[in-house]
Amino acid sequence: MTVALYTHADMLDHRPGDRHPERPERLQAVTDALSESDLKFMVRDAPLAEEADLARVHGQAYVDGMFAARPGTGRLKLDPDTFMSAGSLNAARRAAGAVAAAVRDVAAGQADRGFCAVRPPGHHAEPGRPMGFCIFSNVAIAARAAQQAGLSKVAVVDFDIHHGNGTQAAFDGEDGLFLASIQQWPMWPGTGHPSESTSANIANAVSPEGASREVWRKAFESLMPKVDAFAPDLIIVSAGFDAHVRDPLGGGGQSLEAEDFAWATRAIVSVANRHAKGRVVSSLEGGYDLGALGSSALAHVRALSEG
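Source: prediction; values computed, not measured.

Chemist: What is the right way to read the nonpolar core from this model?
Modeler: Soluble, globular proteins show a tendency: their nonpolar side chains are buried together. Ranked by internal contacts, the top residues of the largest apolar core, which has 91 residues, are Phe136, Phe159 and Ile236. Once residues within four sequence positions are removed from consideration, isoleucine 236 is found in contact with Val99, Val103, Val139, Ala142, Ala143, Val154, Ala155, Val156, Val157 and Val281.

This is the structure:
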């Protein structure tokens, strides 16, 4: 199965600071690992997301505010962890535009599956605020684009070590949308525990700090029957690789290796094959050890390509 790869060099121009963990080298590590592999891709330029797509999740006032905030020089601090440089707005629009384009291409039968090598990430950006390195909620925007393209039931599976609070805020109680998320607990941003009050279309699972790979896998497996019962027309993956044992932001809190992400991907693909004609689009979220990020992303995309 051919995977379409969506990316763009503009995303290297998002520069939150030399010591910031969400640095341009992350994207280069992923694209280098993919290009040096034996996998074959349809490589497609990530377009700039249209304002209308962004506004379906964030509202026009937020979109206008982000467009107006773009600095001409230097950096603008949006929250304690999130910054805009002169190239950040275009990078964030490319990131959201990549995932929206991928779901539209998959919906139209122009691609089997898609992987979006993007930055900045998106799953912490809430409808009304940037947060946690994220400016626009990439996968939530793509889910709305997929619905517009005729895929009425869209599930997101998020395996980043941090909870996708922004995706949850955009999805909670919304018809035709479902979020299944696994995260370390306790862990920033302090959301995503199964005891948290959410609508029925949100399923959270947690893995404790220092958990073995087997414990993480068991928690992840608990989510799959819920995604299966939702019977989605498309699955979007929030593919964060910071649960890798070597990740500096995860602090080694989880014990995962590249093959664990491949295992999780195969479980997602199995559900997609049953209900969604195999349609899966994945979008890069976290992962901050460059070597672990590259090898994990490659294992993930290889599993996406297996069929």
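Chemist: I'm lost on the pattern of salt bridges in this one. Help?
Modeler: A side chain of one charge can pair with a side chain of the opposite charge if their charged atoms are brought near each other. Evaluation of the coordinates by the stated rule reveals 15 salt bridges. Residue aspartate 10 pairs with arginine 94 through a salt bridge whose shortest N-O separation is 3.0 Å. With aspartate 10 in the loop between β1 (3-7) and α1 (24-35) and arginine 94 in helix α4 (residues 88-107), this pair connects stretches of sequence that are 84 residues apart. Note on arginine 94: relative accessible area 15%, which makes it buried. Put simply, glutamate 259 and arginine 213 hold a salt bridge, and the shortest N to O gap is 3.1 Å. With glutamate 259 in helix α8 (residues 258-275) and arginine 213 in helix α7 (residues 213-230), this residue pair connects regions lying 46 residues apart in the sequence. A residue is classified by how much of its surface remains accessible, and glutamate 259, at 43% relative accessible area, is partly exposed. A cluster of three or more residues bridged by salt bridges with shared partners is formed by Arg213, Arg217, Glu259 and Asp260.

Chemist: Looking at this structure, how should I read helix α5 (residues 138-148)?
Modeler: What sets the pattern is the α-helix's 3.6 residues per turn: residues three or four places apart point alike. Summarising burial for α5: eight of the eleven residues are buried, a large majority. Looking at the residues trailing α5, positive phi occurs at glycine 150, about 105 degrees.

Chemist: Sorry, what's going on with the pairing of strand β2 (residues 41-45) here?
Modeler: Each regular strand displays side chains that alternate between the two surfaces of the sheet. Of the strand pairs in this sheet, β1 and β2 are connected by five bridges, and their pairing is parallel. Across the sheet, residue tyrosine 6 finds its bridge partner in β2, namely arginine 44. Where the polypeptide runs from β1 across α1 and back to β2, its parallel neighbour, the crossover connection is right-handed.

Chemist: Would you mind showing me how to read the packing of α1 against helix α9 (residues 290-304) here?
Modeler: To characterise two packed helices, one gives the angle between the axes of the helices and the distance between these axes. Where α1 contacts α9, the two axes come as close as 8 Å, and the packing angle between them is 45 degrees. The angle between α1 and α9 places the two elements in the oblique class. The handedness of the crossing between α1 and α9 is right-handed. Contact with α1, carried on its side by Glu25, Arg26, Ala29, Val30, Ala33 and Leu34, involves Leu290, Leu293, Gly294, Ala297, Leu298 and Val301 of α9 and no other residues of that element.

Chemist: How should I be thinking about the side chain of aspartate 160 in this particular structure?
Modeler: Tracing the chain through its elements places aspartate 160 in the loop between β6 (154-158) and α6 (165-171). Buried within the structure, aspartate 160 lacks any salt-bridge partner; arginine 26 is the closest side chain of opposite charge, at an N-O distance of 6.9 Å. Looking at aspartate 160, its side chain comes within polar contact range of the main-chain nitrogen of histidine 162, at 2.8 Å.

Chemist: Would you mind going over the state of the cysteines with me for this structure?
Modeler: What we call a disulfide is simply a covalent bond connecting the sulfur atoms of a pair of cysteines. This structure, assessed with the given rule, holds zero disulfides. Cysteine 134 carries a free sulfur, and the closest cysteine sulfur to it, the one in cysteine 116, is 15 Å from it.

Chemist: So what exactly am I meant to see when it comes to the environment of aspartate 10 here?
Modeler: Distance from aspartate 10 to arginine 94, taken between C-alpha atoms, is 7.4 Å for residues 84 residues apart in sequence. Contact partners of aspartate 10, with chain neighbours within four places excluded, come to Gly87, Ala91 and Arg94.

Thresholds applied
- Residues numbered from 1 in each chain as written.
- Predicted model: local features only at pLDDT ≥ 70, side-chain atom pairs only at ≥ 80, totals over all residues.
- Heavy atoms only, no water.
- Core = buried A, V, L, I, M, F, W, Y, C linked by side-chain atoms within 4.5 Å.
- Buried < 20%, exposed > 50% of the residue type's maximum accessible area, 1.4 Å probe, protein only.
- Contact = heavy atoms within 4.5 Å.
- Salt bridge = Lys/Arg side-chain N within 4 Å of Asp/Glu carboxyl O.
- Helix = DSSP H or I, 4+ residues; strand = E, 2+ residues; numbered from the N terminus.
- Pairing = 2+ DSSP bridges.
- Right-handed = clockwise from strand over helix to strand, strands pointing away.
- Axes fitted to C-alpha atoms, helices over the stretch in contact; angles between N-to-C directions.
- Parallel < 35°, antiparallel > 145°, perpendicular 65-115°, else oblique.
- Left-handed = near helix turned anticlockwise from the far one by under 90°.
- Lys, Arg positive; Asp, Glu negative; His and termini not counted.
- Polar contact = N/O pair within 3.5 Å; in protein donor to acceptor, adjacent residues only side chain to side chain.
- Disulfide = S-S within 2.5 Å.

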